[in-house]
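Chain by chain, the residues:
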Amino acid sequence: MESIILMGIKHCGKSAQGKLLSQKLSLPFYDIDDLISEYNKMSPREIYTSKGEEGFKEAEADACKKLADLLAEKKQDAVIATGGGICNNKKALDILHPLGKFIFLCTPEKTAADRIMREAKKGKDGKPENLPAYIAKKNPCSIEEARTIFHDFYVERISIYESIADEKVIMKDAPKNVNTDQIIAVI
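Residues numbered from 1 in each chain as written. Predicted model: local features only at pLDDT ≥ 70, side-chain atom pairs only at ≥ 80, totals over all residues. Heavy atoms only, no water.

1. Quick look at the overall build of the protein
- Per the secondary structure count, the protein includes eight helices and seven strands.
- Scaling as 2.2 N^0.38, a compact globule of 187 residues should have a C-alpha radius of gyration of about 16 Å, and the protein matches this with 17 Å.
- Dimensions of the protein, computed from C-alpha atoms along their principal axes, come out at roughly 55 × 35 × 25 Å.
- The buried share of the protein, reckoned over its 187 residues, is 43%.
- The contacts of the protein with a sequence gap of at least 6 include a subset with a gap of at least 24, amounting to 68%.
- Total accessible area on the protein stands at roughly 9600 Å², and carbon and sulfur atoms take up 51% of it. (Helix = DSSP H or I, 4+ residues; strand = E, 2+ residues; numbered from the N terminus. Rg over C-alpha atoms; globule rule 2.2 N^0.38 Å. Buried < 20%, exposed > 50% of the residue type's maximum accessible area, 1.4 Å probe, protein only. Contact = heavy atoms within 4.5 Å. Areas by Shrake-Rupley, 256 points an atom, 1.4 Å probe, with all protein chains shown as cover.)

2. Some remarks on the pairing of strand β4 (residues 100–106)
- For β4, the tally of buried residues reaches six of seven residues, placing the bulk of the element in the interior.
- Inspection of the sheet shows strand β1 (residues 3–7) paired to β4 by five bridges, in the parallel sense. What sits directly across from Leu6, in β4, is Ile103.
- With four bridges joining them, β4 and strand β7 (residues 167–170) adopt parallel strand pairing. Its bridge partner lying in β7, Ile103 is registered against Glu167. (Pairing = 2+ DSSP bridges.)

3. A look at unusual backbone geometry
- Not every positive phi belongs to a glycine, and Lys75 is a case in point at roughly 50 degrees.
- For Lys75, the position within the fold is in the loop between α3 (44–74) and β3 (79–81).
- Among the residues examined, Lys75 registers a relative accessible area of 76% and is labelled exposed.
- The phi angle at Asn139 is positive, at roughly 55 degrees, despite the residue not being glycine.
- Positionally, Asn139 belongs in the loop between α6 (133–136) and α7 (143–164).

4. Thoughts on the pattern of salt bridges
- By the definition in use, this model includes nine salt bridges.
- Between Glu58 and Lys91 there is a salt bridge; the shortest N-O distance is 3.0 Å. Pair noted here: Glu58 is in helix α3 and Lys91 is in helix α4 (residues 90–96), with a separation of 33 residues, a long-range link.
- For Lys91, a relative accessible area of 46% gives the class partly exposed.
- Between Asp69 and Lys65 there is a salt bridge, and its shortest N-O distance comes to 2.8 Å. Taken together, the residues span about one helical turn, with Asp69 and Lys65 both in helix α3 at a distance of four residues.
- Within the structure, one salt-bridge network assembled from shared partners comprises Lys110, Asp114 and Arg147. (Salt bridge = Lys/Arg side-chain N within 4 Å of Asp/Glu carboxyl O.)

5. Considering the packing of aromatic side chains
- Considering all chains together, one arrives at four aromatic pairs under this definition.
- A ring pair is formed by Tyr48 and Phe56, whose centres lie 6.1 Å apart and whose planes are at 55 degrees; its orientation type is tilted.
- Residue Phe56 is classed as buried on the basis of its relative accessible area, which comes to 11%.
- The ring of Tyr39 is capped by Lys66, whose NZ or CZ atom sits 4.4 Å from the centre of that ring. (Phe/Tyr/Trp six-rings, centres within 6.5 Å; stacked < 30°, edge-to-face > 60°. Lys NZ or Arg CZ within 6 Å of the ring centre and 35° of its normal.)

6. What to know about the sheet that holds β7
- Across the sheet, five strands lie side by side as β2-β3-β1-β4-β7; this open sheet has parallel pairing. Looking at strand neighbours, the two that pair on one side only are β2 (29–31) and β7, the edges of this open sheet. Neighbouring strand axes in the sheet, compared pairwise and without regard to direction, differ in orientation by 25 degrees on average.
- Against the sheet, helix α1 (residues 14–25) makes contact with β1, β2, β3 and β4, and its axis sits at roughly 165 degrees relative to β1, the strand it touches most.
- Where α3 meets the sheet, it contacts β1, β2 and β3, and its direction lies at approximately 165 degrees from that of β2. (Axes fitted to C-alpha atoms, helices over the stretch in contact; angles between N-to-C directions.)

So yeah, pure geometry; function would need other evidence.
Printed below as a string of structure tokens:
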């Protein structure tokens, strides 16, 4: 066995599937975003906002390095859920890749967009708030505009994930265990 490293767009199911895979495969589960928060006492979004993209990438790579060291020390494989943006962090990818296989969880665009927009709130000025940084920085005036921004982002990211992944799993609109079984079938 080798570690299973889940990647994909925000809200594709990396954490949920990671926990289920961990149980089915009797491997420990680690969520890189949780490790970033634990090590930095700030959420990934707070780090990105206060330290910028480069500061966040450094925190992400540091969390990956600490996890890789822990797994080497324990001589253990794991199920690892990455953050959605890890595909643009070469240093973090280079740390994780020797640990195992990158599995790209490909969620349909509408499903991912609906999950992201469900978390958005309407601000006092009528503009959507609580959006991921890559959407918020474009200052959308409406949910429809946020969806358009997401579309362009989604198309770009899918291409990047596909170029990195060892395996790709098309996530179904089905109970979680159906998708878990699909992932197990490809590993």
